[in-house]
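Residue-level listing of the chains:
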Amino acid sequence: MKQVKFRSVLLLLLIVLLGLGLALFCLRYTFRGEAWASFSANGHAYTDGVVRTGQVLDRNGTVLYDGPSGVYHEDSALRQATLHAVGDQLGNISTSALEAFQSRLIGFDPLTGTLSGGHKVYLTIDADLSRTAWEALDGRKGVAAVYNYQTGDILCMVSNPSFDPADPPEISDDDSDYEGVYLNRLLSGLYTPGSVFKVVTTAAALEQLPGVEERTFTCDGSVTIGDQVITCPYAHGEMDLSDAFARSCNGVYAQLAVELGADVLQDYARQAGLLEGFSGIPTVSGLFTAGSGGDLGWSGVGQYEDMVNPCAMLALMGSIASDDRAATPRLLYRETGVLGLPAAIPAKEKRAAVFTAETRQTLRDMMAHNVQETYGQSRFGDLAVCAKSGTAEVSDGAPHAWFVGFVDDSTLPLAFVVVVEHGGSGSDVAGSVAAQLLEQAQS
């Protein structure tokens, strides 16, 4: 009798342990199932470490990559234009959709597991606009990007050099043609900003130096600050702040930087969002080391040790263009699962407004003046383009060419950034790429 009782108790204990084990498994399956399914050893989702489920598409439904077949879009130019957004099959581009959105592509479901064949992941990019940007860069290294500052959608994100992911070349470590090819320069690049940083120095001057808009400045072609000479391409003569901004006078802006002081400029670079990344997509943080004397002057010009991430500058342009808070840039447009039903609709995030409303309006006016008086409105047709160019001096060759800005129109709320490495003149070289992008974007 005692033996029967003992066995009954033991059996009951085993049943309880089994129930607890099943409950624990179900709990972990519910909360960890997606991670298990995304593990690279899962043969249902991966082949040789490459995601073989789901599809990556652009915002208009163009299939850029098909997981089950491992096939990219048929157009070679389009494949190269969207490489850094979509990714390569070896996973070298860590910020790409094939890496960042693996779990979404696999489309794990607690009921069906990975048997549904994966999800469709729609990116915010427009494939045709991306191809236009890639062709406009014309083989030169750099970045071309456009985003909607009302929705946050990045419509174009082109980083060059690129390659054809359907026919990848053999790339050696010392091959200069492919230097940094796996780096998405929009998200992970850092560049000396040159004169595009004068947008930040201008904002600081407007808010911290009373009456600065009414002051008259004189440029003789150079100014000595401490033991350094700050030079301009030529003597600009007498001008107000708006003209100094349009002519991108280094002498005036170096003196303004010294008058503002290092701490103020550091604070405004931070307010502008140039010194840290932001939520939504991973970006690198910029650098601002003001120094003192001539070094501080060059910092206010956008030289010395200033370093800026192009996506952060893109977001800043959107913030200046907005009446209130601009949308945070995003890459995930939507996601659909079985039978095309929505699996995820990413929320639109807003960033805190930069500077005061009055300062943003003044910057919009000044940047519009730049286009009308310096860069040429005819390049942009009837678009209300506000822009700032930059020719950033670097130690290893010709200057980097920058052109940043936005369309001041609620019906076409686009901000843009173009960087052409060692391109020379920001207005001529990068501005030409921007003009082609905006022409395509409005069509």
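Look a little higher up for the structure.
Residues numbered from 1 in each chain as written. Predicted model: local features only at pLDDT ≥ 70, side-chain atom pairs only at ≥ 80, totals over all residues. Heavy atoms only, no water.

## Notes on the pairing of strand 17 (residues 414-420)
And then number 1: Across the seven residues of strand 17, seven count as buried, placing the element largely inside the fold.
And then number 2: In strand 17, alternate side chains face the same way, and those of Leu-414, Phe-416, Val-418 and Val-420 on one face and Ala-415, Val-417 and Val-419 on the other are all buried.
And then number 3: Of the strand pairs in this sheet, strand 7 (residues 142-148) and strand 17 are connected by seven bridges, and their pairing is antiparallel. The partner of Val-143 across the bridge, within strand 17, is Val-419.
And then number 4: Where strand 16 (residues 400-407) and strand 17 come together, six bridges link them in antiparallel fashion. Note on strand 17: the bridge partner recorded for Ala-401 is Val-420.
And then number 5: Linkage of strand 16 to strand 17, two consecutive antiparallel strands, is achieved through a turn of six residues. (Buried < 20%, exposed > 50% of the residue type's maximum accessible area, 1.4 Å probe, protein only. Helix = DSSP H or I, 4+ residues; strand = E, 2+ residues; numbered from the N terminus. Pairing = 2+ DSSP bridges.)

## Brief notes about the sheet that holds strand 6 (residues 120-123)
And then number 1: One open sheet accounts for six strands, arranged 5-4-3-6-13-14; its pairing is mixed. Each end of this open sheet is capped by a strand with a single partner; those strands are strand 5 (71-72) and strand 14 (342-344).
And then number 2: With four bridges connecting them, strand 6 and strand 13 (residues 332-336) associate as antiparallel partners. Counted as the bridge partner of Val-121 is Glu-335 from strand 13.

## Quick notes on the pairing of strand 13
And then number 1: Summarising the sheet, strand 13 and strand 14 pair through two bridges and their orientation is antiparallel. Within strand 14, the position partnered with Glu-335 by the bridge is Ala-344.
And then number 2: Hairpin remark: strand 13 followed by strand 14, antiparallel, with five residues in the connecting loop; positive phi at Leu-339, about 65 degrees.

## Topic: helix 8 (residues 198-208)
And then number 1: Judged by how many residues are buried, helix 8 sits mostly within the fold: nine of 11 residues are covered.
And then number 2: Every buried residue of helix 8 is listed here: Lys-198, Val-199, Val-200, Thr-201, Thr-202, Ala-203, Ala-204, Ala-205 and Leu-206.

## Topic: the sheet that holds strand 7
Hydrogen bonds between backbone atoms are what pair the strands of a sheet, whose relative direction is either parallel or antiparallel.
And then number 1: Ordered in space as 8-7-17-16-15, the five strands form an open sheet in which the pairing is antiparallel. The open sheet has two edge strands, strand 8 (154-160) and strand 15 (385-392), and neither has a second partner. In this sheet, neighbouring strand axes are inclined to one another by 5 degrees on average, regardless of whether the strands run parallel or antiparallel.
And then number 2: When strand 15 meets strand 16, the two strands line up antiparallel, connected through eight bridges. In the sheet register, Lys-388 faces strand 16, and the bridge partner there is Val-404. (Axes fitted to C-alpha atoms, helices over the stretch in contact; angles between N-to-C directions.)

## Concerning the packing of aromatic side chains
And then number 1: All chains considered together, the criterion is met by nine aromatic pairs.
And then number 2: Between Phe-380 and Phe-403 the ring centres are 6.2 Å apart and the planes differ by 15 degrees, which places this aromatic pair in the stacked class. Pair noted here: Phe-380 is in the loop between helix 14 (357-375) and strand 15 and Phe-403 is in strand 16, with a separation of 23 residues, a long-range link. The burial state of Phe-380 is the same as that of Phe-403; both residues are buried.
And then number 3: When the ring of Phe-403 is compared with that of Phe-416, the centres are 6.0 Å apart and the planes differ by 15 degrees; the resulting orientation is stacked. With a gap of 13 residues between them, Phe-403 in strand 16 and Phe-416 in strand 17 connect regions that are remote in the sequence. Phe-416 matches Phe-403 in its accessibility class, with the two residues each being buried.
And then number 4: In this structure, Arg-59 packs its charged tip against the face of Tyr-333, placed 4.4 Å from the ring centre.
And then number 5: The ring of Phe-245 is capped by Lys-388, whose NZ or CZ atom sits 5.6 Å from the centre of that ring. (Phe/Tyr/Trp six-rings, centres within 6.5 Å; stacked < 30°, edge-to-face > 60°. Lys NZ or Arg CZ within 6 Å of the ring centre and 35° of its normal.)

## Focus on a negative patch on the surface
And then number 1: Together, Glu-213, Glu-214, Asp-240 and Glu-358 make up a region of like negative charge exposed at the surface.
And then number 2: If you trace the backbone, Glu-213 turns up in the loop between helix 8 and strand 9 (217-219).
And then number 3: Look at Glu-213 and you get partly exposed, because its relative accessible area is 41%. (Patch = residues over 30% accessible without salt bridge, like charges linked within 9 Å, V, L, I, M, F, W, Y side chains within 5 Å. Areas by Shrake-Rupley, 256 points an atom, 1.4 Å probe, with all protein chains shown as cover. Salt bridge = Lys/Arg side-chain N within 4 Å of Asp/Glu carboxyl O. Lys, Arg positive; Asp, Glu negative; His and termini not counted. Charge placed at Lys NZ, Arg CZ, Asp CG, Glu CD.)

## Notes on the packing of helix 10 (residues 250-260) against helix 12 (residues 294-301)
And then number 1: The N-to-C vectors of helix 10 and helix 12 enclose an angle of 115 degrees; their axes lie 7 Å apart at closest approach. In this structure, helix 10 meets helix 12 at a crossing whose hand is right-handed. Counted together, Asn-250, Tyr-253, Ala-254, Ala-257 and Val-258 of helix 10 and Leu-296, Gly-297, Trp-298, Gly-300 and Val-301 of helix 12 form the full contact between these two elements.
And then number 2: For the contact of helix 10 with helix 12, a count of residues per class yields seven nonpolar, three polar and no charged. (Left-handed = near helix turned anticlockwise from the far one by under 90°. Contact = heavy atoms within 4.5 Å. Nonpolar A, V, L, I, M, F, W, Y, C, P; charged D, E, K, R; others polar.)

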